[in-house]
Every structure is written in structure tokens, then in C-alpha cells.
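Residues per chain, in single letters:
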Amino acid sequence: MASSTRDPHPILVVHPDRKTQRTVHRIVGGTFRPVVLVDDLANAAVRVRETPPFLIIVDHQMVRTEEGRKLLADRSLPCLVLMQDSELDDLGSLLEGGALSYLLANPMPLLAEELSITVQKLTRRDLFGLEKYLTWGIEIRELTLTDADQRRALVDEMGEDVQRAGLGPRALAATLIADELLSNAVFNAPVDDSGTHTRSGDDRSGSRPLSDRDVVTLRYACDARYLAIEVEDHYGSLDRRTILRCLNKATNRARDKVSMGTRGAGIGLATVYGSCNHLVFNLEPGRRTQAIALVDVRFRPAELGNAVCSFGIFSTEERRP
Amino acid sequence: MSSASASSKVRTRAAVSSTPAGDLLTIGGDIDDSTSLTPFVAQLKRSPIIDLGDVGFINSVGVREWITLLGELAQRGLRVTLRNVSEPMVRQMTMVIEARGDAAVESFYAPYACDACGDERALLLQVDLHKDALEAHKPPPLPCPSCGSEADFDEFPNRYLSFLS
């Protein structure tokens, strides 16, 4: 019997709570990578020096310290932050740091699914597609936007499908998510060679044929766990820092977050983040941006008992040990 | 004046009428990129009341149009009362503080769920009637319209009710 080659880079779990450590170990253990559990950042630093980990999974309280911020800022060490039982205020300070790429905030069993899929995506370096978040065999609907003024027609079509699927009030969130993501892909994504946004000043309700790179696709599907909505453009102009700045607008009620002098209002991505349970961005700079919003259909908000939503920003250009 | 189809793409319904309590602007449908609400400002001269019960959708660009309307009414020194604020409107008001502005909220819809029959829908809460409970962020159970059992508030009170504060 041949033995497969094991990747020596471990998954390093840094969490003060032993029970959480063990739970996370069980969830990521299925990768069959070595899993190292430590209680604090000092021990984590020792382990990092010994063998650079493939991924660090760390408690959100720890990344508030100076040591923790350094850990997050080191882009060569992918860092996934666990944040449970927290309020939106806590999230704002994390996002302001501008270094966060993966935040998992939902309680079990969502955490198990989100964590497992996130680790698998990083392990396999296979980032794109809503299929990864759904059970096998689910039908996926795909609609293509070939003119900018078809946006609302596509959103309506999706809304009707979601209603027919018996998802009730979640159709409200679904239509808003799809509308904002499509708007972003049609008007904010297009850039010229110098990186200047070429369509952000366009009339948002006008007609504009979309061909080649301008074509935008909307895909959606629902299994017994999630309603997943995916929008993809072919510019790949969205970056992590912009995403974090936009998401931060969802975490507070500060004044003047709405842009008054531009065509877009500047709160589209924040609106999406505030309307779903998990928001994923798959970035291939210069080629495509794919946003996937997941709305949990098993649990009502009060049952989840968590006001913070998970997100992940995956990039094909992130280095891995 | 009512405006429903200045263009076939306009998805907002809006009309002004006069009531004993003040001038009433009733808005329904979608508030989005095609919506223009400021033309109604000139007709809202006396204690404006805005009924939002039939607003089923409002996107980020629609929010900006909405806060422009509120801002222009405030500039004229008018104190606006919001009636039957729909769930999509409340959700935007929880994130964008100017989306409520200085307007008084008379009543609003909130998500409720019934454990007995599984029904999920938005139910109307009168702010005056439930003042204490809402201030304590403990919205009351309400009768389920589907089976008559008790339906419970189905959101995080701290988040959903933040627009009232």
C-alpha cells in the first residue's frame, strides 16, 4: 500500500478555550494535516518559528493585541479569525485594521460547515463557485446580464424562484443582495488599463449592451441549509482593502456613510453584508471577481443568536507556505 | 399628484392626499435607481405623514433618494411622521442613521415567527402602544395571523430596534 505524501505545514489553532480548541481540531482534522493547538500568542510565535503553518485559526480577542495585529498583518501567514458571541461594535475595530481576510462568526453547526469549506478552499487552492457551499446535486440557476437595464428583471426572476421555493421573508434579502451585487459588477467593476473606473458615473437605470468582459452572470441555488447567490464580473478590480472599508459601514450607524455626489451610494456591499449570514469574495485580480452571499435557511436570526456575519476574502494571489 | 409610470421602468408608486392630521404621502413598490421623490416636497406643506407600508424593496441608491426627501422636508422646518414603516425600510434605517433622520415613527413592521405553525411574516407594531417594551428592547409577542398562537419577534432587538433610538 502506498502512503500519500503529507504536507508538513500544520494548521495552528490559537485559542484560550480548550473546548473550542478541540472542537476546531475535530472540524479541520478531516484535512489530515497536522493540527497544533496552543493557548496564547507567545506559544503560537514559537510554533510559527519552528514550522510555518499552512493556516492560523485564532480567537478574535487575541488579534486585538499588538502581537495579534502583527500576526494578521503578515500576509504570508493566512489567518482565520473566530468570533463568536460578539456584537457589531467588536467587528468594526477588527475591520479597521485592514488586514483581515477570513472571519467566521456563526455558531455551530454553521461554524463547522464554514470552517471546513474555508480550509478546503485554501488547501486545494480551488476558490471559485457557489457549489462548494451546497450539498451535492442541487440545481443551480444561471442568468446572464447582457444589457445593464436587465438588472431588475433578473432580480425579479430570482425573487420569484425564491418565493416558489418556500423561503418566505428571505426573498426580501435575496433580491436586495442580487440587486446590489449586480449593480456593483455592472457599474463599479469595469476599469481601464490605468485602473480608472469607467462606468461608475453611468446612469444606473439606463440601457447599455454588455458584451465580452462586460457580461455579468448571476447564479443562485438553495439546498436545505443555504440560499446561495453568486455574481461574477470579468474585471477583477475589487481588492481586499476596499472590501473591508465597505463592510465596515455595516457595523455602525455613523453619519455621512452614504455618498451624495456620485452615481452609486457607496453602501451597496455593506447592505449585502448586513443581509446575509456569510459573504465570500473570490478575487482573481485583473481577471474576475466573484461574490457569493449565503443566507441560512435553517435557522431564524433569533435562533442563531449572533449579530455578526462571517466573511471570507480569497485571492488567487495570496501566498501559502 | 400621483406618479406611477412616468417611464415604464419606474417601480415606485407615490401619491399625496390631504388628511385631517396633515398631508399624507403614500409610497409603495420599489425605491431604487429610477425613483424620484423630491418632486413631492412642494406638496407636503402641513404636518407631513409618510406611509411606507407598501414599500417592498429599497436599494442603496433608493436610500439616498429617500434621505434627500427627508433632508429637504427638514430644511423647510417640517416635522415628518413615518407610518407603517415596512421591514425593508427599517433595515436600511438601522444601518443609515439619516434614513430616519429626525422623523417621528408612529408604527413599523417587524419580523415575527410562530413556533406553532411555522408562519414567518412582518407584523405591525404601534410605537405608542408598545413604548415601554420597545424601549426595553423586548418587543411583545403578537397573535399569529395564520393560527392564532403567539408569534415571537424574530430578530436581534438591539439591531432591529436601533433605528428608534
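Structure: see above.
Scope of this entry: the structure provided in the associated data block. All figures in this text were calculated on a predicted structure; none of them were measured in a lab.

Turning next to the overall build of chain B. From N to C terminus, chain B includes four helices and 10 strands. Counting only residues that meet the buried cut, chain B has 53% of its 165 residues in that class. Contacts in chain B between residues at least 24 apart in sequence constitute 59% of all its contacts with a sequence separation of at least 6. For chain B, the accessible surface area stands at approximately 7,000 Å², while carbon and sulfur atoms represent 49% of it.

Further remarks concern the interface of chain A and chain B. Listed by partner, the interface residues are 40 residues for chain A and 34 residues for chain B. A per-residue breakdown of the area chain A buries against chain B is headed by Arg152, Arg253 and Arg300 of chain A, which together make up 25% of the total. Scanning the region where chain A abuts chain B turns up five salt bridges. Taken together, the elements giving at least two residues each to the side of chain A that touches chain B come down to α6 (151-164), α7 (170-188), α9 (268-273) and α10 (301-304) of chain A.

Let us look at the packing of helix α1 (residues 18-28) of chain A against helix α5 (residues 110-124) of chain A. Residue and element names in this part refer to chain A. Two elements in contact, α1 and α5, have axes separated by 9 Å at closest approach and are oriented at 55 degrees. By the angle between their directions, the pair α1 and α5 is classed as oblique. Crossing of α1 over α5 shows right-handed handedness. Contacts from Val24, Ile27 and Val28 of α1 reach α5 at Ala112, Leu115, Ser116 and Val119. Along the lines of polarity and charge, the residues of the contact of α1 with α5 split into six nonpolar, one polar and no charged.

Turning next to the pairing of strand β2 (residues 12-19) of chain B. Along a regular strand, successive side chains alternate from one face of the sheet to the other. Residues and elements named next belong to chain B. With eight bridges connecting them, β2 and strand β3 (residues 22-31) associate as antiparallel partners. Across the sheet, the residue bridging to alanine 14 is isoleucine 27, located in β3. Counting the residues between successive antiparallel strands, the hairpin from β2 to β3 contains two residues.

Here we come to the sheet that holds strand β4 (residues 79-82) of chain A. Residues and elements named next belong to chain A. In spatial order, the strands read β2-β1-β3-β4-β5-β11-β9-β10-β8-β7-β6; together these 11 strands make up an open sheet with mixed pairing. Unpaired on one side and paired on the other, β2 (35-38) and β6 (141-145) mark the two borders of the sheet. Averaged over neighbouring strand pairs, the angle between their axes works out to 15 degrees when direction is ignored. By the bridge criterion, four bridges tie strand β1 (residues 11-14) to β2 in an arrangement that is parallel. In the strand pairing of β2, valine 14 is matched with valine 38. Where helix α8 (residues 240-248) meets the sheet, its contacts fall on β9 (278-284) and β11 (310-315), and the angle it forms with β11 comes to roughly 165 degrees.

On to helix α1 (residues 60-75) of chain B. Think of an α-helix as 3.6 residues a turn; residues three or four steps apart then line up on the same face. Its 16 residues give α1 of chain B an end-to-end C-alpha distance of 23 Å, which sits within 8% of 22 Å, the value for a rise of 1.5 Å per residue. Among the structural elements, α7 and α9 of chain A together with β3, β4 (49-58), β5 (81-83) and α2 (87-95) of chain B are those in contact with the buried residues of α1 of chain B. Positive backbone phi, at 75 degrees, marks glycine 77 of chain B, one or two positions downstream of α1 of chain B.

Moving on, we come to the state of the cysteines. Residue and element names in this part refer to chain A. According to the stated counting rule, one finds zero disulfides over all chains in the structure shown. We note that cysteine 222 lacks a disulfide partner, and the nearest cysteine sulfur, in cysteine 276, lies 14 Å from it. Note on cysteine 222: relative accessible area 25%, which makes it partly exposed.

Okay, the sheet that holds strand β8 (residues 120-126) of chain B next. Residues and elements named next belong to chain B. Across the sheet, four strands lie side by side as β8-β7-β10-β9; this open sheet has antiparallel pairing. Edge positions in the sheet fall to β8 and β9 (142-143), since each of these pairs with one other strand and no more. With respect to the sheet, α2 is in contact with β7 (107-114) and β8, its orientation differing from that of β7 by roughly 105 degrees.

Tallied over the full model, the rule gives 32 salt bridges over all chains. A salt bridge links aspartate 156 of chain A to arginine 152 of chain A; the shortest N-O distance between them is 3.9 Å. Remark: arginine 152 of chain A and aspartate 156 of chain A occur in helix α6; sequence separation between them is four residues, near one turn of the helix. What emerges from the salt-bridge pattern is a single network uniting Arg151, Arg152, Asp156 and Asp179 of chain A together with Arg11, Asp30, Asp32 and Asp33 of chain B.

Below, the discussion takes up helix α2 (residues 41-50) of chain A. Residue and element names in this part refer to chain A. Of all the positions in α2, only Leu41, Ala44 and Val48 are classed as buried. One face of α2 carries all of its buried residues, which in axial projection span an arc of 50 degrees. α2 presents Arg49 and Glu50 as exposed residues on the side facing more than 90 degrees away from its buried surface. Where α2 is buried, its residues contact β1, β2, β3 (55-59) and α3 (66-73). Between the side-chain oxygen at the start of α2 and the backbone nitrogen of alanine 42 there is a gap of 3.3 Å, and the oxygen is on aspartate 40.

Turning to the environment of cysteine 147 of chain B, a few remarks are in order. All names here are of chain B. Along the chain, cysteine 147 turns up in the loop between β9 and β10 (150-153). What makes cysteine 147 partly exposed here is its relative accessible area of 38%. C-alpha separation for the pair cysteine 147 and leucine 52, spaced 95 residues apart in sequence, amounts to 27 Å. Beyond its immediate chain neighbours, meaning those up to four positions away, cysteine 147 contacts Cys114, Ala116 and Cys117.

Across soluble globular proteins, nonpolar side chains show a tendency to be buried alongside one another. Grouped together as the largest cluster of nonpolar side chains are 119 residues, with contacts concentrated most on Leu103 of chain A together with Ile50, Trp66 and Phe108 of chain B. Look past the residues within four positions of phenylalanine 108 of chain B in its chain and what remains in contact with it is Asn84, Val85, Val90, Leu123, Leu124, Leu125, Val127, Leu134, Tyr160, Leu161, Phe163 and Leu164 of chain B. If you look at the next biggest cluster of nonpolar residues, it comprises 32 residues, including Ile11, Leu80, Leu82 and Ala221 of chain A.

Residues and elements named next belong to chain A. At a minimum axis separation of 9 Å, α6 and α7 run at an interaxial angle of 155 degrees. Judged by the angle between their axes, α6 and α7 are roughly antiparallel. As for the relative orientation of α6 and α7, their crossing is right-handed in sense. Residues Arg151, Arg152, Val155, Met158, Gly159, Val162 and Gln163 of α6 form the contact with α7, whose own contacting residues are Arg170, Ala171, Ala174, Thr175, Ala178, Asp179, Leu182, Ser183 and Phe187.

Cut-offs applied
- Residues numbered from 1 in each chain as written.
- Chains lettered and ligands numbered in written order.
- Predicted model: local features only at pLDDT ≥ 70, side-chain atom pairs only at ≥ 80, totals over all residues.
- Heavy atoms only, no water.
- Helix = DSSP H or I, 4+ residues; strand = E, 2+ residues; numbered from the N terminus.
- Buried < 20%, exposed > 50% of the residue type's maximum accessible area, 1.4 Å probe, protein only.
- Contact = heavy atoms within 4.5 Å.
- Areas by Shrake-Rupley, 256 points an atom, 1.4 Å probe, with all protein chains shown as cover.
- Buried area = accessible area lost by both parts, 1.4 Å probe.
- Salt bridge = Lys/Arg side-chain N within 4 Å of Asp/Glu carboxyl O.
- Axes fitted to C-alpha atoms, helices over the stretch in contact; angles between N-to-C directions.
- Parallel < 35°, antiparallel > 145°, perpendicular 65-115°, else oblique.
- Left-handed = near helix turned anticlockwise from the far one by under 90°.
- Nonpolar A, V, L, I, M, F, W, Y, C, P; charged D, E, K, R; others polar.
- Pairing = 2+ DSSP bridges.
- Expected span 1.5 Å × (residues − 1).
- Disulfide = S-S within 2.5 Å.
- Arc of directions from axis to C-beta.
- Polar contact = N/O pair within 3.5 Å; in protein donor to acceptor, adjacent residues only side chain to side chain.
- Core = buried A, V, L, I, M, F, W, Y, C linked by side-chain atoms within 4.5 Å.

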